[in-house]
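# Observations on chain architecture
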Amino acid sequence: MTRYLVTGGAGFIGSNFIHYLFEKFADDVHVINLDKLTYAGNLDNLKDVEKQDNYQFVKGDICDEKIVNELMPNVDIVVNFAAESHVDRSIGRPDDFIKTDVYGAFVLLEAARKNNIKKFVQISTDEVYGSILDGSFKETDVLEPSSPYSASKAGADRLAFSYFVTYNLPVIITRCSNNYGPYQFPEKLIPLFVTNAIEDKNLPIYGDGKNVRDWIFVMDHCDAIQFLIEKGQEGQVYNIGAGNEMMNLQITDFILKALDKPKSLMTFVADRLGHDRRYSVDTSKIRSLGWTPKHNPEQAMAETVNWYAENRWWWEKLKTGEYLEFYKQNYKVRYKTD
Ligand code: NAD
Ligand code: TYD
């Protein structure tokens, strides 16, 4: 039986990855989920697995050497999802991004090398490359991260690589594009717009809404991670994406149509500082090993919209308190469409 340490497993992608592991391996896997439970960590995401004997939740910080060193001898594979992950928050207050995304990754890497971990997957992001107007980034391209979030992720990405080169730690680094799916905190574009539209609230579009992201269904990302654990080469970086590039205006249009809501909810607000225009990754490296995304984007997006429509219990209680304060400060309305 393979034993996983999943960090940040109470967040969006981490919790989907834990579901993925149990679906794929059933009893033949053991998962320890180490999560600090920041505003983005939510044990509701894992209600269906919390009582399983092969699942253990540990509330703790990846920056805490003591906890990390206690857990590490009991696992074979580490998948590090734990991070501060929202660009807008990193613009207002980068502190925790540096602490968790860089120093936390260091604490995990140190403990991993001392315990002969069989595989260490550092979940990086396509944002480490920065923006690209034409073409797509290859794994060998220069990193030019433009937000404190992506710069922190780039730091951890290269630190993980250094542990392969220097200590021969079997590291794999993944750089995935934007994910969508169930259990995504409703501050990110898709869950924010879907839940706002359901509540007949404005959809705050930054700038001209023509920024482009390559949207991948979260379960395809999870599948790619497990594929690389099995087939990836140690010390290598792999881009992950679905080739589903969409402008924010197209995403908005899709959501409004799916929910049968009026265009008048579209509200143009002040642009994000340092807003990257387009992300695009060349995924030929992972595809040459035999991986492809399995989900049809239109269907998976429609199912995602439905999931939020049918699971108000999950997100309604998240859009309160500190969330609303952040929301008020972040959005400066420019104009609305009719
Ligand atoms: P998320 O914000 O939903 O979840 C992050 C989780 O990490 C939360 O459960 C939080 O409680 C936990 N956490 C934060 N600080 C911690 C700490 N110090 N110690 C332990 N746990 C801590 O993020 P997500 O969208 O699920 O992203 C997961 C990872 O994937 C991140 O590393 C992110 O950079 C990367 N990534 C995300 C996307 C995307 O589209 N969401 C795309 C590519 C890469
Ligand atoms: P986001 O989900 O924050 O992901 P990232 O910035 O990491 O790619 O944002 C996706 C795109 O949507 C990005 O171009 C910013 C834009 N956006 C808005 O226009 N309005 C919003 O309220 C949010 C959260 C994002």
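Structure shown above.
Please read all numbers here as calculations on a predicted model, not as lab measurements.

How two aromatic rings sit relative to each other is set out by the distance from centre to centre and by the angle between their planes. Under the defined criterion, the tally for this structure stands at 15 aromatic pairs. Of the aromatic side chains, those joined through ring pairs into one cluster are Y4, F17, Y20 and F81. A cation over a ring is seen here: R113 above Y167, with NZ or CZ 4.0 Å from the ring centre.

Here we come to the side chain of D220. Structurally, D220 can be placed in helix α7 (residues 218-231). Comment: no salt bridge for buried D220; closest opposite-charge side chain is K294, at 5.7 Å. Of the polar contacts made by the side chain of D220, one reaches the backbone nitrogen of K294; its length is 2.7 Å. Those residues in contact with D220 that lie beyond four places of it in its chain are W291, P293, K294 and H295.

What follows is about the environment of D260. Turning to its location among the elements, D260 is positioned in the loop between α8 (248-259) and β13 (266-269). A relative accessible area of 70% places D260 in the exposed class. Sequence-wise, D260 and G209 are 51 residues apart; in three dimensions their C-alpha atoms are separated by 20 Å.

All right, on to the site of ligand 1 then. Taken together, 28 residues lie around ligand 1, and I13, D35, S85, Y149 and K153 are the ones closest in. Side-chain polar atom of D35 to an oxygen atom of ligand 1: 2.6 Å apart, as the coordinates give it. With respect to ligand 1, the side chain of T100 contributes an N or O atom lying 3.0 Å from a nitrogen atom. Those elements giving two or more residues to the shell around ligand 1 turn out to be α1 (12-25), β5 (119-125) and α5 (148-167). A per-element tally of the shell around ligand 1 places β5 first, with three residues.

Reading the values: the criteria
Residues numbered from 1 in each chain as written. Chains lettered and ligands numbered in written order. Predicted model: local features only at pLDDT ≥ 70, side-chain atom pairs only at ≥ 80, totals over all residues. Heavy atoms only, no water. Phe/Tyr/Trp six-rings, centres within 6.5 Å; stacked < 30°, edge-to-face > 60°. Lys NZ or Arg CZ within 6 Å of the ring centre and 35° of its normal. Helix = DSSP H or I, 4+ residues; strand = E, 2+ residues; numbered from the N terminus. Buried < 20%, exposed > 50% of the residue type's maximum accessible area, 1.4 Å probe, protein only. Lys, Arg positive; Asp, Glu negative; His and termini not counted. Salt bridge = Lys/Arg side-chain N within 4 Å of Asp/Glu carboxyl O. Polar contact = N/O pair within 3.5 Å; in protein donor to acceptor, adjacent residues only side chain to side chain. Contact = heavy atoms within 4.5 Å. Near = heavy atom within 4 Å.

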